[in-house]
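# Structure assessment
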Amino acid sequence: MSERKVLLHVEGLKQHFKISKKFTTKAVDGISFDIYEGETYGLVGESGSGKSTTGRSIIRLYDPTDGKIIFDGHDISGKLSKEDEKFLRTNMQMIFQDPMACLNPRKKVSQIIAEGLEIQHICNSKEEVEEKVNTILEKVGLSKEQGTRFPHQFSGGQRQRVGIARALVMNPKLVIADECISALDVSIQAQVVNMMKDLQDELGTTYLFIAHDLSMVKYISDRIGVMHLGHLVETGTTDEIFENPIHPYTKSLLSAIPHPNPIVEKKRVALTYDKNKEGVDYTKGTQHFVSDTHYVLATDEEFAKWTAK
């Protein structure tokens, strides 16, 4: 694992929002992780755990309160220089949760997809732009004729494909997919995720896949990070997280996955986790390694208790 190149290094990332004079929301509170080139890193957790905020801070839609973000050798955590900003905008893209809210309703789909290419002057001619747009439309399962339509003329799944095409047309090194399938029907979800996997194999793209649907994350991710209340409580390969969860919050998330077999489903017990009842204070925890790739945020006592069989 260590031979692979680290594409994104996040260290001690904090994103705090001042709500009033006395109150600050700590949406992300000091998380660290690495994403390797060509892999899919799944970030999971319940609503409000800080997953989307993490994605938006990394791509600099928000200015991080504190911490370090190194993307492909470029430090993108502080004030960005012109060169770093151009590098970031061309090499990192985001697929948003709501496809209708992030597509300009007054523009045709082909114009929406071409926007990034035109702003960053990636192509030398209009013909080249058109060719790239048509190629990516085809790759995401839409025809070039559909490029002349407006977003409202598409279904939800097709709109999400447009969002994915817009992100991938730049041929970015990293794509942050923020809950990009949660608004879609289950059958369409599978299509979109399979398409993302195929494009990853073809283009070598790296994904940060943010979701709360664990079964989908298991299917697409190489490694998984579990977030709760702004803290990264556990990270490991997909097998490690699913087969040997250590943190009680991870266990409670996994216990909530419905089982397709109705007989097994009847016997399924969903665990509940309350950090206050358990007396867990994330700010006191440190990283405890279970294996080279699997670590948990815990104090020494908690780690001993959770790993005791």
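Described in the following lines is the structure provided in the data block. Keep in mind that this is a model prediction, so the values were computed, not measured.

## Points about the pattern of salt bridges
- All chains considered together, the criterion is met by 12 salt bridges.
- Close ionic contact of Arg89 with Glu85 constitutes a salt bridge, the shortest N to O distance being 4.0 Å. Placement of the pair is Arg89 and Glu85 together in helix H2 (residues 82-91), with a separation of four residues, close to one helical turn.
- On the basis of relative accessibility, which here comes to 35%, the residue Glu85 falls in the partly exposed class.

## Some thoughts on the packing of aromatic side chains
- Under the criterion given, the structure shown has five aromatic pairs.
- With a centroid separation of 5.7 Å and 50° between ring planes, the pair formed by Phe71 and Phe87 is classed as tilted. Residue Phe71 is located in strand E4 (residues 66-71), and its partner Phe87 is located in helix H2; the two are separated by 16 residues in the primary sequence.
- Phe87 gets classed as buried once you look at its relative accessible area, which sits at 15%.

## Some words on the pairing of strand E8 (residues 206-211)
- Taken across its six residues, E8 has six buried, putting it largely inside the fold.
- Neither face of E8 is open: one carries Thr206, Leu208 and Ile210, the other Tyr207, Phe209 and Ala211, and all of them are buried.
- Inspection of the sheet shows strand E3 (residues 40-44) paired to E8 by five bridges, in the parallel sense. Residue pairing across strands places Gly42 opposite Phe209, the latter belonging to E8.
- Relative to E8, strand E7 (residues 174-178) is paired through five bridges, and the arrangement is parallel. Across the sheet, residue Ile176 finds its bridge partner in E8, namely Leu208.
- You can see the chain leave E7, run along helix H6 (residues 186-203) and come back into E8, and the turn it takes is right-handed.

## Brief notes about the packing of helix H5 (residues 156-168) against H6
- Between H5 and H6, the least distance of the axes is 10 Å, while the angle of their chain directions is 15°. Between H5 and H6, the crossing angle belongs to the class labelled roughly parallel. The crossing of H5 and H6 is right-handed. Seen from H5, the contacting residues are Gly157, Arg161, Ile164 and Leu168; seen from H6, they are Ile188, Gln191, Val192, Met195, Met196 and Leu199.
- Residue composition of the contact of H5 with H6, by class: seven nonpolar, two polar and one charged.

Criteria and cut-off values
- Residues numbered from 1 in each chain as written.
- Predicted model: local features only at pLDDT ≥ 70, side-chain atom pairs only at ≥ 80, totals over all residues.
- Heavy atoms only, no water.
- Salt bridge = Lys/Arg side-chain N within 4 Å of Asp/Glu carboxyl O.
- Helix = DSSP H or I, 4+ residues; strand = E, 2+ residues; numbered from the N terminus.
- Buried < 20%, exposed > 50% of the residue type's maximum accessible area, 1.4 Å probe, protein only.
- Phe/Tyr/Trp six-rings, centres within 6.5 Å; stacked < 30°, edge-to-face > 60°.
- Pairing = 2+ DSSP bridges.
- Right-handed = clockwise from strand over helix to strand, strands pointing away.
- Axes fitted to C-alpha atoms, helices over the stretch in contact; angles between N-to-C directions.
- Parallel < 35°, antiparallel > 145°, perpendicular 65-115°, else oblique.
- Left-handed = near helix turned anticlockwise from the far one by under 90°.
- Contact = heavy atoms within 4.5 Å.
- Nonpolar A, V, L, I, M, F, W, Y, C, P; charged D, E, K, R; others polar.

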